[in-house]
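Single-letter residue listing:
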Amino acid sequence: MPDFHRVIAIDGPAASGKSSVARELARRLGFVYVNSGAIYRAITWYMLRRGIGPDDGGRIARTVESAQISCRLKNNESRVWIDDVDPTNHLRDDLVNKAVSRVSTVPEVRKIVTEKMRNYARAHDVVIEGRDIGSVVFPHTPGKFYIDASPEVRFRRRVAEGQRDEIAARDRADSSRRASPLTVAPDAQVIDTSHLTIEEVIDKIVERLKLKGLPL
Ligand code: DC
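Caption draft 1: View of the overall build of the protein. From N to C terminus, the protein includes nine helices and seven strands. The C-alpha atoms of the protein give a radius of gyration of 16 Å, which matches the 17 Å a tight globule of 216 residues would have. Expressed as lengths along the three principal axes of its C-alpha atoms, the size of the protein is roughly 50 × 40 × 30 Å. Residues counted as buried form 48% of the 216 residues belonging to the protein. A fraction of 74% describes how many contacts in the protein between residues 6 or more apart in sequence connect residues 24 or more apart. Element-wise, carbon and sulfur atoms account for 50% of the exposed surface of the protein, whose accessible area totals about 10400 Å². One way to put it: in the protein the 36 positive side-chain charges average out to a point 1 Å from where the 30 negative ones average out.

Given below as structure tokens:
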């Protein structure tokens, strides 16, 4: 990866704990934290706000290509603006939760988000979380993890967050789509977080990175 800084890829299904782990890991290492799901969510929110349905791939493709999507940093974390609007407060709206898996199947959307993530890694050491980070976006990074938890634990986590999010349906859609499905990359290290605290998961990741001899 000659033109990229250090990249730690954290993939996994919905509510597996990957956001908390990735954010805290980045803080501990002094890396930038990038949440790729937030960019897919921001694009989804933008489409819905313009009255574009999640199955209208043609209009989604045309609209995403003409939108001004600007990815910046705030406190060492990725933030996205679209047409100069900050959609942060809407990223977990029920309607976005329902539509995001379908919007993120559109190849033009995936291409743009993938390029944004690579741009972050061209400028910074990064911890990036998502579904296809280790498999497609940074297939050559040696720091590759797949974070999982049992369906019951994941469901309880979402309920505890007060969110209505049909995670089983999203996981099915994200794993079965043709473009960059959620999958365990062959060289990813799998960590089941069902019975671990965030700190314990981070300790495991750091330990494994050191075992691989990665400079931290
Ligand atoms: O991480 P999240 O649950 O906020 O992600 C929301 C959706 O975005 C997820 O259901 C599928 C899509 N996504 C994706 O297709 N690829 C990624 N790398 C990250 C998210």
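Caption draft 2: Inspection of helix α2 (residues 36-49) at higher detail. The terminal C-alpha atoms of α2, which comprises 14 residues, lie 20 Å apart, in line with the 20 Å expected from a rise of 1.5 Å per residue. For α2, every residue scored as buried is listed here: S36, A38, I39, Y40, R41, A42, I43, T44, W45, Y46 and M47. Just downstream of α2 lies G51, where phi reads positive at about 75°.

Caption draft 3: How the structure looks around the packing of α2 against helix α4 (residues 94-103). Two elements in contact, α2 and α4, have axes whose closest approach is 9 Å; the angle formed by their N-to-C orientations is 105°. When the axis of α2 is compared with that of α4, the two are roughly perpendicular. Contacts between α2 and α4 pair Y40, R41, I43, T44, W45 and L48 from the former with L95, V96, N97, A99, V100 and V103 from the latter. The residue inventory of the contact of α2 with α4, partitioned by class, reads nine nonpolar, two polar and one charged.

Caption draft 4: Quick peek at a positive patch on the surface. The grouping of R49, R50, R59 and R62 at the surface amounts to a positive patch. Turning to its location among the elements, R49 is positioned in helix α2. Under the relative-accessibility criterion, R49 is labelled partly exposed at 48%.

Caption draft 5: Representation of the layout of surface pockets. Space inside the largest pocket adds up to approximately 910 Å³. Forming the boundary of the largest pocket are 46 residues, of which S19, Y33, N35, R92 and E129 lie nearest the centre. For the lining of the largest pocket, the element with the most residues is α2, which contributes six residues. Of the residues contributing to the lining of the largest pocket, the split by class is 15 nonpolar, 15 polar and 16 charged. Of the voids in this model, the second largest pocket is the one considered here, and its volume is about 200 Å³. Forming the walls of the second largest pocket are D94, N97, K98, S101, R102, R164, D165, E166, A169, R170 and A173. For the lining of the second largest pocket, the secondary structure elements donating two or more residues are α4 and α8 (167-176). Broken down by element, the lining of the second largest pocket gets its largest block of residues, five residues, from α4. Across the lining of the second largest pocket, the residue classes tally to two nonpolar, two polar and seven charged.

What counts and what doesn't
- Residues numbered from 1 in each chain as written.
- Predicted model: local features only at pLDDT ≥ 70, side-chain atom pairs only at ≥ 80, totals over all residues.
- Heavy atoms only, no water.
- Helix = DSSP H or I, 4+ residues; strand = E, 2+ residues; numbered from the N terminus.
- Rg over C-alpha atoms; globule rule 2.2 N^0.38 Å.
- Buried < 20%, exposed > 50% of the residue type's maximum accessible area, 1.4 Å probe, protein only.
- Contact = heavy atoms within 4.5 Å.
- Areas by Shrake-Rupley, 256 points an atom, 1.4 Å probe, with all protein chains shown as cover.
- Lys, Arg positive; Asp, Glu negative; His and termini not counted.
- Charge placed at Lys NZ, Arg CZ, Asp CG, Glu CD.
- Expected span 1.5 Å × (residues − 1).
- Axes fitted to C-alpha atoms, helices over the stretch in contact; angles between N-to-C directions.
- Parallel < 35°, antiparallel > 145°, perpendicular 65-115°, else oblique.
- Nonpolar A, V, L, I, M, F, W, Y, C, P; charged D, E, K, R; others polar.
- Patch = residues over 30% accessible without salt bridge, like charges linked within 9 Å, V, L, I, M, F, W, Y side chains within 5 Å.
- Salt bridge = Lys/Arg side-chain N within 4 Å of Asp/Glu carboxyl O.
- 1 Å grid on protein atoms, 1.4 Å probe; cavity = no way out; pocket = protein on both sides within 12 Å on 5 of 7 lines; lining within 4 Å.
- Points joined across faces, edges and corners; volume = space filled by probe spheres on them.

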